[in-house]
Amino acid sequence: MTSNLAQPEETPSRYVKCNLCGSDDYTVLFESGVAQINQIVKCNCCGLMYANPRAQDPDCLIIEQYDPDFVFSNLRKILLQRTEKEELQVRDYETTKAYLSQHYPQKGLLVEIGSGLGYLLNFFKQDGWDVLGVEPNVGMCKYAERELGLKTIPTILEKAGLPDESADTVLMMHVIEHVPNPLETLQGVYRILKPGGTFVLETPRYDTLMFKLLGKRERSLSCEGHIYFFTTDTLKTMASKAGFTVEKVDYVGRSLTVNRLFYNLGVISKSQIVKRSLESISKKLHLNKVRLEINLRDMQRFYLKKD
């Protein structure tokens, strides 16, 4: 059996210009290997933070190389935490469900970009929406289709072939920070939305007290797959440049298990000894069964409108 975990061939580091303003004038915030594998810079013209140069392909390209049968057949074993995480975090979107129900009482077509295993998509399906997922991990698409009865397109938005002005609502939760050209992705969402449609976008936030205190240890900054790091202002500017009107911004928290909290603390520590110790404690005490909700205001959920 071919493993989906096989590493792609190493690619040379690539320099990129600022995706928001096009400038190549930047200040280095963290050298490569300090916060994560990539060097993190801040544009001197518009303030956008991004990985530059990039030491590896973006997640969407790596994920497309996964063996879908391996992912699906081993999902419960190798992605148990992902399954538990998606199931648990659905409840974090009750406010989004209420917002969309108020603005779209007749519902319509809801598209989720980066639909993963499909739990959030299924949450909105149960609320009466016609739903469609777009997800490059073919194995996860198989899971969503077979286990939850969802329709998915196993690719990225730019290759999905969705018609212009076909969706009433689009969701994109914790995806925009992974894509190689976020402005182009936002423009793609704008294209498929009907006039008056709503785009709900969520991503980590980097104009926070936590980022100021933790710096290179900030957990979302440490994720190897994150290549863009938005403040509220830079995300507002990029959304406006793509054509959207900002209707509302919420600073949201997250439901998680204590096991996941310990994992995040291990990431923040940047110490393998601390990580292993916390993992051992978590297993002994079965902390994956203990759930809580934390809001450090380090994630931002945008409600954007296509006029």
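Only a predicted model underlies this, so the values are computations on that prediction, with no experimental measurement involved.

With mixed pairing, the seven strands of this open sheet are ordered in space as 6-5-4-7-8-11-10. Every interior strand has two partners, whereas the edge strands, strand 6 (152–153) and strand 10 (245–257), have only one. Direction of pairing for strand 7 (residues 167–173) relative to strand 8 (residues 193–204): parallel, over a ladder of six bridges. Among the inter-strand pairings, Thr-169 is bridged to a residue of strand 8, identified as Thr-198. In the packing of helix 6 (residues 119–126) onto the sheet, contacts are made with strand 4 (109–113), strand 5 (130–134) and strand 7, and the angle to strand 5 comes to roughly 170 degrees. Each of strand 8, strand 10 and strand 11 (291–305) touches helix 11 (residues 232–241); the most contacted strand, strand 11, lies at about 30 degrees to it.

On to the packing of aromatic side chains, then. One pass over the full model with this rule turns up 10 aromatic pairs. Arranged with centres 5.3 Å apart and planes meeting at 80 degrees, the rings of Phe-123 and Phe-124 form a pair that is edge-to-face. Like Phe-123, the residue Phe-124 is buried in the burial classification. Their ring planes at 40 degrees and their centres at 5.4 Å tell us that Phe-199 and Phe-244 sit as a pair that is tilted. Of this pair, Phe-199 sits in strand 8 while Phe-244 is found in the loop between helix 11 and strand 10, placing the two residues 45 residues apart along the sequence. Like Phe-199, the residue Phe-244 is buried in the burial classification.

What follows covers the state of the cysteines. Tallied over the entire structure, the rule returns zero disulfides. Here Cys-46 stays free of any disulfide, with the sulfur of Cys-18 as its closest cysteine sulfur at 3.4 Å. What makes Cys-46 partly exposed here is its relative accessible area of 27%.

Quick look at the nonpolar core now. Counting residues in hydrophobic clusters, the biggest one holds 45 residues, and the most contacted among them are Val-170, Phe-199, Leu-201 and Leu-221. Setting aside residues up to four positions removed in sequence, Leu-201 forms contacts with Met-172, Ile-176, Leu-186, Leu-235, Gln-300, Arg-301, Phe-302 and Leu-304.

Turning next to the pattern of salt bridges. Should the charged atoms of two oppositely charged side chains come close, the side chains can pair. Counted by the stated rule, this structure contains 12 salt bridges. Between Lys-97 and Glu-94 there is a salt bridge whose closest N-O contact spans 3.3 Å. Of the two residues, Lys-97 and Glu-94 are both situated in helix 5 (residues 94–103); the distance of three residues between them amounts to about one turn of the helix. The partner of Glu-165 in a salt bridge is Lys-306, and the shortest N-O contact between them spans 4.0 Å. With a gap of 141 residues between them, Glu-165 in the loop between strand 6 and strand 7 and Lys-306 in the segment after strand 11 connect regions that are remote in the sequence. Relative accessible area serves as the criterion here: at 44%, Glu-165 is assigned to the partly exposed category. Given a relative accessible area of 6%, Lys-306 falls into the buried group. Look at the salt bridges and you will find they share partners, linking Asp-92, Glu-202, Arg-254 and Arg-301 into a network.

What counts, and at which threshold
Residues numbered from 1 in each chain as written. Predicted model: local features only at pLDDT ≥ 70, side-chain atom pairs only at ≥ 80, totals over all residues. Heavy atoms only, no water. Pairing = 2+ DSSP bridges. Helix = DSSP H or I, 4+ residues; strand = E, 2+ residues; numbered from the N terminus. Contact = heavy atoms within 4.5 Å. Axes fitted to C-alpha atoms, helices over the stretch in contact; angles between N-to-C directions. Phe/Tyr/Trp six-rings, centres within 6.5 Å; stacked < 30°, edge-to-face > 60°. Buried < 20%, exposed > 50% of the residue type's maximum accessible area, 1.4 Å probe, protein only. Disulfide = S-S within 2.5 Å. Core = buried A, V, L, I, M, F, W, Y, C linked by side-chain atoms within 4.5 Å. Salt bridge = Lys/Arg side-chain N within 4 Å of Asp/Glu carboxyl O.

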